[in-house]
Amino acid sequence: MWPFLTIVAVAATVVIHFWWRHKFLHQRRQMQAEMEELQRRQQQTTTAAKAQQQVLFNSMLEGLLLLDRNRRIYLANRAFKNLFGLKTELRGKTVMEALRVHELAALVERVESGGQVLDYELKLPELSERWLQVNAAAISNSAGEREGTILVFHDLTRLKQLERTREEFVANVSHELRTPLSLIKGYVETLLDGARDNPEVAERFLKIIERNASRLDLLIQDLLTISALESGRITLNLQPVPLRPLAEKILADLKTRTDAKDVKLVNDLPELTAMADANRLEQVLANLVDNAIKYGRAEGTVTVGGRKDDADKIEIFVQDDGPGIPSEALDRVFERFYRVDKARSREQGGTGLGLSIVKHIVQNHGGKVWVKSELGKGATFFFTLPPGEK
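Please read all numbers here as calculations on a predicted model, not as lab measurements.

Asker: I tried to follow the overall build of the protein on my own but got confused; where do I start?
Answerer: In terms of helices and strands, the protein carries 11 helices and 12 strands. Taking all 390 residues of the protein together, the buried fraction comes to 37%. A fraction of 59% describes how many contacts in the protein between residues 6 or more apart in sequence connect residues 24 or more apart. Of the roughly 24000 Å² that the protein leaves accessible, carbon and sulfur atoms contribute 54%.

Put into C-alpha cells, the structure is as follows:
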C-alpha cells in the first residue's frame, strides 16, 4: 500500500512541477511580450516626437543652431542650412568644422562667458554680400550647469540692400538738386552785384537761371512720379490704345529736338492695339525716343517698331544707331540716377530718372522692359504690354 501511495505522490509532484513551470514560462513570455510592446510604443512615441520637433524646427523662417556642452552641433534646421548653403550632415561637428567662419566660432565663446549675445550682425565671407543677425544664448539645467548653446539667425541682406539704396538715393538727389541750385544762386548774386545793369549779360544770366529752374522742376516732377509709381498710388486708366497714331504724335512733338543733330525719326509700328493707360504709355515712348535722340549719333536714325510676340503680348521697341551701351551697364541702365557717361548725361540735361520711370510704368501694366546693345552698333530698348483686342 505505502509503495503505491509513494508512487502516486511522486507522480503528482512531478505533474504539479511541470504545470507550474509551464505556467511560469507562459507568464514570463507574456510579460516579455508586454515589455517589448511597451518598448516599441515608447520608441514610436520618441520617434514621432523627434519627427514632430524636426518638422517644427524646419518650418521656422529663421535659422536655428543647437550646440551641445562640447560645442558640437546637435541640431541645425533647414533654414540654417539654406542660409549657409550647406547640404551635408552637420550633427556632431564643431562650428569651425561645419562652417569655417572664425567670427561665428568666437561668438560661441562669447556666449559661454557672457550668457547671451543679442542683435549681432555677421557678414558672411562670400563673393556676393550676405548679412545675418545672430541672437545667441547659453542653455543651462536646473543646477545651473551649462548644457549647450542656442543660436538664431535672421537674414538681413535685403534690409542692408534697401538701406544702401536709400543712402545712394538721398546722396544722388542731394547732388542733382545742389548743382542747379548752386548755379541759380551764383548767377542771382552776380546780377545783384551789378550785372543786371548790363542788359546783354543780364538776359544771358536770366536764361541760365530759367534753364536750371526748369531742370529743378523736372527733377521734382520725376521724383514725385517715381515715388507714386513705387508706392502704388497711381491708378492706371486702362483702355485699348492704337499704337501707331500714338507713336506718330510723339515723333511729331519731338521733331524740334532732332534739328540740331539732323536725326531721322521713323515710325515702323504696325496697326496694333494695346491695353494701356494712354498718358503713361505716351510718357514711356517719349522718354525712350528722347533718350535715343539725345544719345544717338548725329545724322542717325531713331526707329519705333513693334510686333505681337509668341505669348500674344505686344512688344514695342525704340532703336538708335548711336555708340551703344557697354555690356557691364546693360543691367543697370534702369536704376535711378544711373548714368553710363555721367559727364555727357549732365551736359545733355535730364534727371537720371527717365528709364527708371519707364520700367515702373511698364511693370505696372504687367509687362517687362529690357535693352540690347553692342558698342558701336546702337541700342534697342524693348517693352511689352497686354494686347488691347483678342
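Asker: What is the right way to look at the layout of surface pockets in this model?
Answerer: Roughly 640 Å³ of internal volume is contained in the second largest pocket. Forming the boundary of the second largest pocket are 22 residues, of which T165, E168, R332, E335 and R336 lie nearest the centre. Elements that contribute at least two residues to the lining of the second largest pocket include exactly α5 (157-192), α10 (342-348) and α11 (354-364).

Asker: I keep staring at the sheet that holds strand β10 (residues 314-320) and nothing clicks. Help me out?
Answerer: Strands belonging to one sheet form pairs held by backbone hydrogen bonds; the direction of such a pair is parallel or antiparallel. Read from one edge to the other, the open sheet built from five strands follows the order β7-β9-β10-β12-β11, with strand pairing classed as mixed. This sheet does not close on itself; its edge strands, each paired only once, are β7 (264-268) and β11 (369-373). Within the sheet, the average angular offset between the axes of one strand and its neighbour, ignoring direction, is 15 degrees. Pairing of β11 with strand β12 (residues 379-385) involves five bridges; the strand directions are antiparallel. Directly across from V369, in β12, lies its bridge partner F383. Lying over the sheet, helix α7 (residues 243-253) contacts β7, β9 (301-308) and β10, oriented at roughly 170 degrees with respect to β7.

Asker: Quick question: what am I supposed to make of the environment of A228 here?
Answerer: One can find A228 in helix α6 (residues 199-231). Sequence spacing of A228 and H360 is 132 residues, and the spatial spacing of their C-alpha atoms is 10.0 Å. Excluding residues within four positions of it along the chain, A228 makes contact with R233 and I234.

Asker: Quick question: what am I supposed to make of the pattern of salt bridges here?
Answerer: Between side chains of opposite charge, a pair can form when the charged atoms approach closely. Tallying each qualifying case throughout the model produces 16 salt bridges. Residues D155 and R130 are paired through a salt bridge, measuring 3.4 Å at the closest nitrogen-oxygen approach. With a gap of 25 residues between them, D155 in strand β5 (residues 146-155) and R130 in the loop between β3 (116-123) and β4 (131-140) connect regions that are remote in the sequence. K308 is the partner of D312 in a salt bridge, and the nearest nitrogen-oxygen pair spans 3.6 Å. K308 sits in the partly exposed class, given a relative accessible area of 38%.

Asker: Just checking my understanding: could you explain the sheet that holds strand β1 (residues 63-68) for this structure?
Answerer: Reading across the sheet, the five strands line up as β2-β1-β5-β4-β3 and stay open at both edges, with antiparallel pairing between neighbours. Two strands close off the open sheet at either side, each with one partner strand: β2 (73-76) and β3. On average, each strand axis in the sheet is tilted by 20 degrees relative to the strand beside it, whichever way the strands run. Direction of pairing for β3 relative to β4: antiparallel, over a ladder of six bridges. If you follow Y120 over to β4, its bridge partner there is V134. Sitting on the sheet, helix α4 (residues 102-114) is in contact with β1, β3, β4 and β5, with an inclination near 170 degrees to β3.

Asker: Looking at this model, I keep getting lost on the packing of aromatic side chains. Mind explaining?
Answerer: Ring pairs (aromatic) are described by centroid distance and by the angle formed between their planes. Counted under the stated rule, the structure contains seven aromatic pairs. With 5.6 Å between their ring centres and 90 degrees between their planes, F84 and F153 make a pair best called edge-to-face. Highlighted residues: F84 in helix α2 (residues 78-84) and F153 in strand β5, separated in sequence by 69 residues. The residues F84 and F153 share a single accessibility class, namely buried.

What counts, and where the lines are drawn
- Residues numbered from 1 in each chain as written.
- Predicted model: local features only at pLDDT ≥ 70, side-chain atom pairs only at ≥ 80, totals over all residues.
- Heavy atoms only, no water.
- Helix = DSSP H or I, 4+ residues; strand = E, 2+ residues; numbered from the N terminus.
- Buried < 20%, exposed > 50% of the residue type's maximum accessible area, 1.4 Å probe, protein only.
- Contact = heavy atoms within 4.5 Å.
- Areas by Shrake-Rupley, 256 points an atom, 1.4 Å probe, with all protein chains shown as cover.
- 1 Å grid on protein atoms, 1.4 Å probe; cavity = no way out; pocket = protein on both sides within 12 Å on 5 of 7 lines; lining within 4 Å.
- Points joined across faces, edges and corners; volume = space filled by probe spheres on them.
- Pairing = 2+ DSSP bridges.
- Axes fitted to C-alpha atoms, helices over the stretch in contact; angles between N-to-C directions.
- Salt bridge = Lys/Arg side-chain N within 4 Å of Asp/Glu carboxyl O.
- Phe/Tyr/Trp six-rings, centres within 6.5 Å; stacked < 30°, edge-to-face > 60°.

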